Amino acid sequence: MTEVLCRRPAMATLFEFLLVGEEEEHLAAVGEAALDELERIERMLSMFDPASELARVNREAADHPVKVSRELFDVLAECRRHHERTDGWFDPCVGSAGRFGDSVRLDDIAQTVAFTTPGTRFDLGGYGKGYALDNAARILAEFHIADFLIHGGTSSALACGTRDWNVDLRSQNSDGVVGRVNLKNAGLSSSANDSSGTVVIAETAALAEVWSTAILAMGFQRARAFDYHELHAVGWIDTAAIHWLKGSGT
Amino acid sequence: MTSTNRRTFLMGAAGLAVSTAFAAEEKTVRVAVVGTGGRGSDLLRALTTIDSAKLVAICDDYPPHLEKASKYAGPEAKTFDNYTTMLKETSPDAVVIATPLHLHREMVMEALGRGTAVFCEKTLCRTTAEAKEVVDEVTKRNAIFQIGLQRRSNAIYRQAVAMVQTGMLGRISAIKCQWHRNNNWRRPVPVPKADPAWPALERKLNWRLYKDYSGGLMTELGSHQLDVANWILGTTPKRAFASAGIDYWKDGRDVFDNIFCVYEYAVAPAAKKGEEPVAPYTVRVTYSSVQNNAYEGASELILGTKGSLLLTQKKGLFYKEGGPVDPGWAKLGQEGGDNAAVITSGATLKIDNDPWAFRGKPYEIDVESDDTRDELLEFVKAVAAGNPKTVADVRTGLQDCATVLMANESATSGRWVDYPA
């Protein structure tokens, strides 16, 4: 068994892929292909790159319906489902103007996106990282990389394979490690603000991303009452410890 | 016909003309794509975001790529594993060719023979002789043809060419460009090395690494940047010298893994009205490509007597020659006017100690769009309008092809190579 670590800056952070397999040349080539996939997704979803497809939507969709690629349409439709499922706490619309629920019109037949409230903009920064990890993982699997741990900016991760990956969680609000989770064939995402943080383990990195963001936004009291049937584990992080609302991360 | 009637008739005719023009602009162009690897998928995804284009078919003889591309293309685009069958069954208005280089000539000629407009990825062909055949055919048929050199559709590069033409850079001194990366440029193979299917599959997916299918770094990367040099200097190089080798990635590839080139151009600026024509002068362009250090990335640096212009696909930076600030000290050309110089007592002008600071702050040129989508938008517009004048025509493609192949020839022979007649 040999291990290859490949890394690339993308989406304003650093992605690292730790791949385990038989042959170094193959691992390196597959790693590069998976890293290229990140760049492809960034060219679609970045709100900072004016050449991205999402940037074009942000510029033009308040003026007229914008025809988008099938993939971007599917991403936005998926985000709408997440928006509804989290009672609106996951919302990729930014700015004071519009919320996803009432400011965005998606036309499935014409494959177009329109903003019904001027000033509405999408920010898929967080979701995009999870989505990118899931897509990178698909490429790794396609080329038979059985064991890997990949992360984007250390706040989103995905593990796959026969082995258990121990992942220590640090909090930006305290020194040292607040807890350890055991990641196996699952995605993990952690979000935080100045006082608290969340950690979610789910089937995909995108799903984990959605919920870690939504739970942080809704706050501890509301989060305790939510039903998390589609998630593996949900934790609320205060200054020094993780309070598990579902599962225990191990 | 009374005068009133006549006026009504004319108005009616004018109205009709307007609506026809509108219809022509809105005409949907039926496009097919052949080659659905990385670049082909980028192109077909971009096509699906263009209102006036309809992706009717996609073709690839490698099923995994075709399958993935079909998801991007949507259910209305038919899938084919044979190019001829696709053209016959779907009769597209235009075809986008994104196959390995050695297939370009044959596929372009077949589409032209059917009266189909062609968008062909760079480089035009694997040999200059093949490229000339394509030029002859396009010219003979007055066909709509565009080569996939997307910097020709990029606002930054258009601005750069305009800045050079209006003299903002002064006389061009030299151009330095490079595309440096740090990886083995390999596509992974989906079966283990021990599998009997591996060798053929490896060559198929890694066609860029073998001379049978590709010209390596020059045709796959350098073609973009040497086209920028040809465009900015308004001509093709006289001769070229290159040194290259397989020095790091000794992994079975037979194309160079690093190359350093010098091109000599004879630039003869058009005489300005009422001025003496400027004698032609030599401008040297250097190009390099390495695959084990990415520090310099991909960019072109246009050096002129009055300024320097650093170009990338996302940003252009213009630095004026002659220091970072003008303290307003020398009052040139003000005979008999005010004082000829200004000295500031007690306050020494401070400028940054950083050696880079002497470049001063650059003027930035930004762009708000994706040049791959833009080049297709312009191609689709040309097809809809029946206009054979594309933004990157077949002659541009031939010149670019001949330019990059000179370097490969020189690196192989060890001698200077002249631009082909």
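Residues numbered from 1 in each chain as written. Chains lettered and ligands numbered in written order. Predicted model: local features only at pLDDT ≥ 70, side-chain atom pairs only at ≥ 80, totals over all residues. Heavy atoms only, no water.

Structural notes on the nonpolar core
Proteins that are soluble and globular tend to have nonpolar side chains buried together.
(1) Moving on: Ranked by internal contacts, the top residues of the largest apolar core, which has 81 residues, are B:Tyr83, B:Val95, B:Leu124, B:Phe145 and B:Tyr263.
(2) Moving on: In terms of residues, this core owes the most to one element, helix H9 (residues 217–233) of chain B, which gives nine residues.
(3) Moving on: Counting only domains with at least three residues in this core, you end up with domain 1 (3–153 + 373–393) and domain 2 (155–326 + 358–368 + 400–418) of chain B.
(4) Moving on: Leave out the neighbours within four places in its chain, and B:Phe145 touches B:Val108, B:Val118, B:Cys120, B:Leu124, B:Val134, B:Val138, B:Thr390, B:Ala392, B:Asp393 and B:Val394.
(5) Moving on: In terms of nonpolar packing, the next biggest core, distinct from the first, is built from 67 residues, A:Ile41, A:Leu72, A:Phe100 and A:Tyr131 among them. (Core = buried A, V, L, I, M, F, W, Y, C linked by side-chain atoms within 4.5 Å. Buried < 20%, exposed > 50% of the residue type's maximum accessible area, 1.4 Å probe, protein only. Helix = DSSP H or I, 4+ residues; strand = E, 2+ residues; numbered from the N terminus. Domains from an automatic or database assignment. Contact = heavy atoms within 4.5 Å.)

What to know about the sheet that holds strand S14 (residues 231–237) of chain A
Residues and elements named next belong to chain A.
(1) Moving on: Taken together, eight strands build an open sheet; the order of strands is S1-S2-S8-S9-S12-S13-S14-S15 and the sheet is antiparallel. The open sheet has two edge strands, strand S1 (2–10) and strand S15 (242–246), and neither has a second partner. Geometrically, the sheet is characterised by an average inter-axis angle of 15° between neighbouring strands, direction not taken into account.
(2) Moving on: Across six bridges, the pairing between strand S2 (residues 13–21) and strand S8 (residues 147–152) is antiparallel. By the bridge assignment, Val20 is partnered in S8 with Asp147.
(3) Moving on: Helix H1 (residues 24–45) contacts S1 and S2 of the sheet and is inclined by roughly 20° relative to S1. (Pairing = 2+ DSSP bridges. Axes fitted to C-alpha atoms, helices over the stretch in contact; angles between N-to-C directions.)

Considerations on unusual backbone geometry
The bulk of non-glycine residues show a negative phi, and the bulk of peptide bonds are trans.
(1) Moving on: At the junction of B:Lys122 and B:Thr123, the peptide bond is cis and its omega measures out at -10° in the coordinates.
(2) Moving on: Positionally, B:Thr123 belongs in the loop between strand S5 (117–121) and helix H6 (128–141).
(3) Moving on: A positive phi angle, close to 60°, is found at A:His144, a residue other than glycine.
(4) Moving on: By the element assignment, A:His144 lies in the loop between helix H5 (125–142) and S8.
(5) Moving on: The phi angle at A:Asn185 is positive, at roughly 50°, despite the residue not being glycine.
(6) Moving on: You can see A:Asn185 is positioned in the loop between strand S11 (177–183) and strand S12 (186–192).
(7) Moving on: A relative accessible area of 41% means that A:Asn185 is categorised as partly exposed.

Focus: the interface of chain B and chain A
(1) Moving on: Listed by partner, the interface residues are 24 residues for chain B and 24 residues for chain A.
(2) Moving on: Linking chain B with chain A are six salt bridges.
(3) Moving on: B:Lys68 is paired through a salt bridge with A:Glu142; the nearest N and O atoms lie 3.2 Å apart.
(4) Moving on: Where chain B touches chain A, the interface holds eight residue pairs in polar contact (both at pLDDT 80 or more).
(5) Moving on: Per element, the largest residue contribution to the side of chain B that touches chain A is three residues, and it comes from helix H3 (residues 63–73) of chain B.
(6) Moving on: Residue composition of the side of chain B that touches chain A, grouped by class: seven nonpolar, four polar and 13 charged. (Salt bridge = Lys/Arg side-chain N within 4 Å of Asp/Glu carboxyl O. Polar contact = N/O pair within 3.5 Å; in protein donor to acceptor, adjacent residues only side chain to side chain. Nonpolar A, V, L, I, M, F, W, Y, C, P; charged D, E, K, R; others polar.)

Here we look at the packing of helix H4 (residues 83–90) of chain B against helix H5 (residues 104–113) of chain B
In a packed pair of helices, the relevant descriptors are the angle between the two axes and the axis-to-axis distance.
All names here are of chain B.
(1) Moving on: Running from N to C, H4 and H5 point in directions that differ by 20°, and their axes come no closer than 11 Å. Judged on the interaxial angle alone, H5 and H4 are roughly parallel. Relative to H5, the crossing made by H4 is right-handed. Within the contact between the two elements, H4 uses Tyr83, Thr84 and Leu87 and H5 uses Met107, Glu110 and Ala111.
(2) Moving on: Across the contact of H4 with H5, the residue classes break down as four nonpolar, one polar and one charged. (Parallel < 35°, antiparallel > 145°, perpendicular 65-115°, else oblique. Left-handed = near helix turned anticlockwise from the far one by under 90°.)

Focus: the pattern of salt bridges
(1) Moving on: With the rule as written, the count across this model stands at 41 salt bridges over all chains.
(2) Moving on: Here A:Asp108 and A:Arg70 are joined by a salt bridge, their closest N and O atoms 3.0 Å apart. Here A:Asp108 is found in the loop between strand S5 (104–107) and strand S6 (112–115), whereas its partner A:Arg70 is found in helix H3 (residues 70–85), with 38 residues between them in sequence.
(3) Moving on: For A:Asp108, a relative accessible area of 45% corresponds to the partly exposed category.
(4) Moving on: A network of salt bridges, in which partner residues are shared, links A:Arg43, B:Arg39, B:Asp42, B:Arg45, B:Glu121 and B:Glu375.

Let's talk about the environment of A:Val4
Residues and elements named next belong to chain A.
(1) Moving on: With respect to the helices and strands, Val4 occurs in strand S1.
(2) Moving on: Note on Val4: relative accessible area 11%, which makes it buried.
(3) Moving on: Residues contacting Val4, with those up to four places away along its chain left out, are Phe17, Leu18, Leu19, Glu24, Leu27 and Ala28.

Topic: the packing of aromatic side chains
Geometry of an aromatic ring pair is reported as the spacing of the ring centres plus the angle between the planes.
Residue and element names in this part refer to chain A.
(1) Moving on: Evaluated as defined, the whole model comprises 12 aromatic pairs over all chains.
(2) Moving on: A centroid spacing of 5.5 Å and a plane angle of 50° characterise the contact between Phe220 and Trp236, whose relative ring orientation is tilted. Taken together, the residues Phe220 in helix H7 (residues 220–225) and Trp236 in strand S14 connect sequence positions 16 residues apart.
(3) Moving on: Accessibility expressed as a relative area gives 25% for Phe220, which makes it partly exposed.
(4) Moving on: Chaining the aromatic ring pairs together yields one cluster made of Phe90, Tyr127 and Tyr131.
(5) Moving on: Note that Arg163 overlies the ring of Trp165, its terminal NZ or CZ placed 4.9 Å from the centroid. (Phe/Tyr/Trp six-rings, centres within 6.5 Å; stacked < 30°, edge-to-face > 60°. Lys NZ or Arg CZ within 6 Å of the ring centre and 35° of its normal.)

A short note on the domain arrangement of chain B
All names here are of chain B.
(1) Moving on: Under the domain assignment, chain B is made up of domain 1 (3–153 + 373–393) and domain 2 (155–326 + 358–368 + 400–418).
(2) Moving on: Between the C-alpha centres of domain 1 and domain 2 the distance comes to 27 Å.
(3) Moving on: Contacts between the two partners involve 22 residues from domain 1 and, on the opposite side, 29 residues from domain 2.
(4) Moving on: Carbon and sulfur atoms make up 54% of the area that domain 1 and domain 2 hide from each other, which totals about 2200 Å².
(5) Moving on: Among the residues domain 1 hides against domain 2, the three largest losses belong to Tyr62, Arg151 and Arg152. Together they make up 36% of the total.
(6) Moving on: The interface formed by domain 1 and domain 2 holds four salt bridges in total.
(7) Moving on: Seen at the junction of domain 1 and domain 2, the total is 11 residue pairs in polar contact (both at pLDDT 80 or more).
(8) Moving on: Split into classes, the residues belonging to the side of domain 1 that touches domain 2 amount to eight nonpolar, eight polar and six charged. (Buried area = accessible area lost by both parts, 1.4 Å probe.)

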